[in-house]
Amino acid sequence: MAYSIGINSMLIGVMIISSLVATCSANFNQDFDLTWGDHRAKIFNGGQLLSLSLDKTSGSGFQSKKEYLFGRIDMQLKLVAGNSAGTVTAYYLSSQGPTHDEIDFEFLGNVSGDPYILHTNVFSQGKGNREQQFYLWFDPTKNFHTYSIIWKPQHIIFLVDNTPIRIFKNAESIGIPFPKNQPMRIYSSLWNADDWATRGGLVKTDWSKAPFTAYYRNFKATELSSVSSTSFSDSALQSNELDAYGRRRLRWVQKYFMIYNYCNDLKRFPEGIPAECKRPRF
Ligand SMILES: *[C@@H]1O[C@H](CO)[C@@H](O)[C@H](O)[C@H]1NC(C)=O
């Protein structure tokens with residue numbers, strides 16, 4: 001009895017501490033600048049919530065004040081609801097200049113009831129062309145969901161609600177540049193891309209539904225030294241491999257939700273698929 005009370009109060013203590021940490025680390029006023037779209041980008045609830053809007057005149061965007069070199073970046077997003085066809089919500093890390101590095105999430109909207117596409121890409125030293133696209137296993141417009149990037153010298157892992165969906169391994173040993181020297185900022189923007197986004201540009205943005213709005217909260221940046229995850233063990237991350245559970249989740253997503261993988265696009269690479277694709281799975 002006494003033992004269980006002890007554990008309970010310890011747990012409560014841990015919960016209080018962790019909610020304090022989360023509150024402190026998620027202040028948009030402190031960590032971000034609104035960079036595009038005037039009043040269409042907004043921070044409210046004392047810095048706890050941010051929204052971007054798109055109307056016929058303009059989209060909007062924001063960027064982090066700080067630059068990051070490795071670490072884990074978490075953000076919760078609630079995407080444009082209803083008929084979002086033609087809209088794109090981009091959320092990414094990027095350095096600057098012609099040989100920039102970039103790690104991308106892009107959410108391509110759709111007509112009501114049809115699924116968003118989550119588009120991912122990795123640029124190293126100015127070269128991208130490493131797209132993978134997924135459907136999500138939930139409606140990303142109903143609630144906030146967490147989109148994370150773990151960026152380490154050994155690999156980049158994309159996660160959705162802590163489920164790994166993609167891993168891009170450091171393949172410098174076979175001559176593939178890996179993002180590891182250029183610090184990156186966090187960027188996000190909501191813009192109109194109805195010339196290509198929905199079914200290759202066939203479906204146009206319905207401006208009668210504007211403004212379109214996406215919401216952000218619970219931003220958290222964790223330095224590399226303390227990066228760990230609840231879904232797979234720290235030792236698994238250190239050793240450059242997901243543990244059995246993480247690998248199972250990744251396979252599940254890739255089997256049932258992946259709709260495009262540049263590694264399988266033979267038509268696009270007539271001289272042969274990129275070298276990093278020929279490595280062991282993922
Ligand atoms: C929109 O829905 C259609 C039909 O389900 C689907 O083929 C398409 O991949 C979806 N996403 C986009 C961005 O077009």
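Per an unreviewed UniProt entry, the protein chain carries the name Xyloglucan endotransglucosylase/hydrolase and comes from Medicago truncatula. According to the UniProt record, the Sequence similarities (unreviewed entry) comment for the protein chain is "Belongs to the glycosyl hydrolase 16 family." As stated in UniProt under Function (unreviewed entry), the record for the protein chain gives "Catalyzes xyloglucan endohydrolysis (XEH) and/or endotransglycosylation (XET). Cleaves and religates xyloglucan polymers, an essential constituent of the primary cell wall, and thereby participates in cell wall construction of growing tissues."

> Hey, could you run me through the environment of L93 in this one?
Looking at where L93 falls in the secondary structure, it is placed in strand β6 (residues 87-94). Note: C-alpha distance between L93 and R185 (92 residues apart in sequence) is 5.4 Å.

> So what exactly am I meant to see when it comes to the confidence of the model for the protein chain here?
Regions with low pLDDT should not have their predicted coordinates read in detail. For the protein chain, mean pLDDT is 88; residues scoring 70 or higher make up 84% of the total. Confidence drops under pLDDT 50 across residues 1-24; counting only partners more than four residues distant or on other chains, this segment forms 2 contacts. Every residue in residues 229-238 scores below 50 in pLDDT, and together they form 30 contacts with partners more than four places removed in sequence or on other chains.

> What am I meant to see in the site of the ligand here?
With respect to spatial proximity, the complete set of residues near the ligand consists of L108, G109, N110, D114, P115, I117, Y135, A197, T198 and R199. N110 places a polar side-chain atom, nitrogen or oxygen, 2.5 Å from an oxygen atom of the ligand. Contact between the ligand and P115: a nitrogen atom at 3.2 Å from a main-chain N or O atom of the residue. The fraction of the free accessible surface of the ligand (360 Å²) that becomes covered by protein chains is 76%.

> Quick question: what am I supposed to make of unusual backbone geometry here?
As a rule of thumb, non-glycine residues mostly have phi less than zero, and peptide bonds are mostly trans rather than cis. With an omega of 0°, the peptide bond between A210 and P211 qualifies as cis. Positionally, P211 belongs in the loop between β13 (185-192) and β14 (212-222). For N162, which is not glycine, the phi torsion reads 70° and is therefore positive. Its location among the elements puts N162 in the loop between β11 (155-160) and β12 (163-169).

> Which parts of the structure should I look at to understand the environment of I117?
With respect to the helices, strands and loops of the structure, I117 is situated in strand β8 (residues 117-123). Residues I117 and E106, spaced 11 residues apart in sequence, show a C-alpha to C-alpha distance of 8.1 Å. Apart from residues no more than four positions distant in its own chain, I117 is found in contact with E106, F107, L108, Q133, F134, Y135 and I259.

> Would you mind showing me how to read the sheet that holds strand β9 (residues 132-134) here?
Hydrogen bonding along the main chain pairs the strands of a sheet, whether they run parallel or antiparallel. The strand order across the open sheet formed by 8 strands is β1-β4-β13-β6-β7-β8-β9-β15, and the pairing between neighbours is antiparallel. Edge positions in the sheet fall to β1 (32-36) and β15 (258-261), since each of these pairs with one other strand and no more. Direction aside, the axes of adjacent strands within the sheet are offset by 15° on average. Taken together, the 4 bridges between β1 and strand β4 (residues 60-64) define a ladder with antiparallel strand orientation. If you follow F32 over to β4, its bridge partner there is S64.

> It is not clear to me how the pattern of salt bridges should be interpreted in this structure. Could you clarify?
A side chain with one charge may pair with a side chain of the opposite charge, provided their charged atoms come close. Applying the stated criterion across every chain yields a total of 10 salt bridges. A salt bridge links D74 to R72, with the nearest nitrogen and oxygen atoms 3.0 Å apart. R72 carries the same exposure label as D74, and that label is buried. Where D139 meets K142, a salt bridge forms, and the shortest distance between an N and an O atom there is 3.2 Å.

> Would you mind going over the packing of aromatic side chains with me for this structure?
Two aromatic rings are characterised by how far apart their centres lie and by the angle between their planes. Under the criterion given, the structure shown has 20 aromatic pairs. With centroids separated by 6.5 Å and ring planes inclined at 70°, the aromatic side chains of F28 and F62 adopt a geometry described as edge-to-face. Of this pair, F28 sits in helix α2 (residues 28-31) while F62 sits in strand β4; the two residues are 34 residues apart in sequence, bridging distant segments of the chain. Its relative accessible area of 1% is what places F28 among the buried residues. With a centroid separation of 5.2 Å and 90° between ring planes, the pair formed by F32 and F62 is classed as edge-to-face. Residue F32 is located in strand β1, and its partner F62 is located in strand β4; the two are separated by 30 residues in the primary sequence. Judged by its relative accessible area of 2%, F32 is buried. A residue is classified by how much of its surface remains accessible, and F62, at 1% relative accessible area, is buried. By the ring-pair criterion, three or more aromatic residues cluster together here, those being F28, F32, F62, Y216 and F219.

Basis of the calculations
Residues numbered from 1 in each chain as written. Predicted model: local features only at pLDDT ≥ 70, side-chain atom pairs only at ≥ 80, totals over all residues. Heavy atoms only, no water. UniProt positions renumbered as here; feature names shortened; annotations may be inferred. Helix = DSSP H or I, 4+ residues; strand = E, 2+ residues; numbered from the N terminus. pLDDT = per-residue confidence, 0-100. Contact = heavy atoms within 4.5 Å. Near = heavy atom within 4 Å. Polar contact = N/O pair within 3.5 Å; in protein donor to acceptor, adjacent residues only side chain to side chain. Areas by Shrake-Rupley, 256 points an atom, 1.4 Å probe, with all protein chains shown as cover. Pairing = 2+ DSSP bridges. Axes fitted to C-alpha atoms, helices over the stretch in contact; angles between N-to-C directions. Salt bridge = Lys/Arg side-chain N within 4 Å of Asp/Glu carboxyl O. Buried < 20%, exposed > 50% of the residue type's maximum accessible area, 1.4 Å probe, protein only. Phe/Tyr/Trp six-rings, centres within 6.5 Å; stacked < 30°, edge-to-face > 60°.

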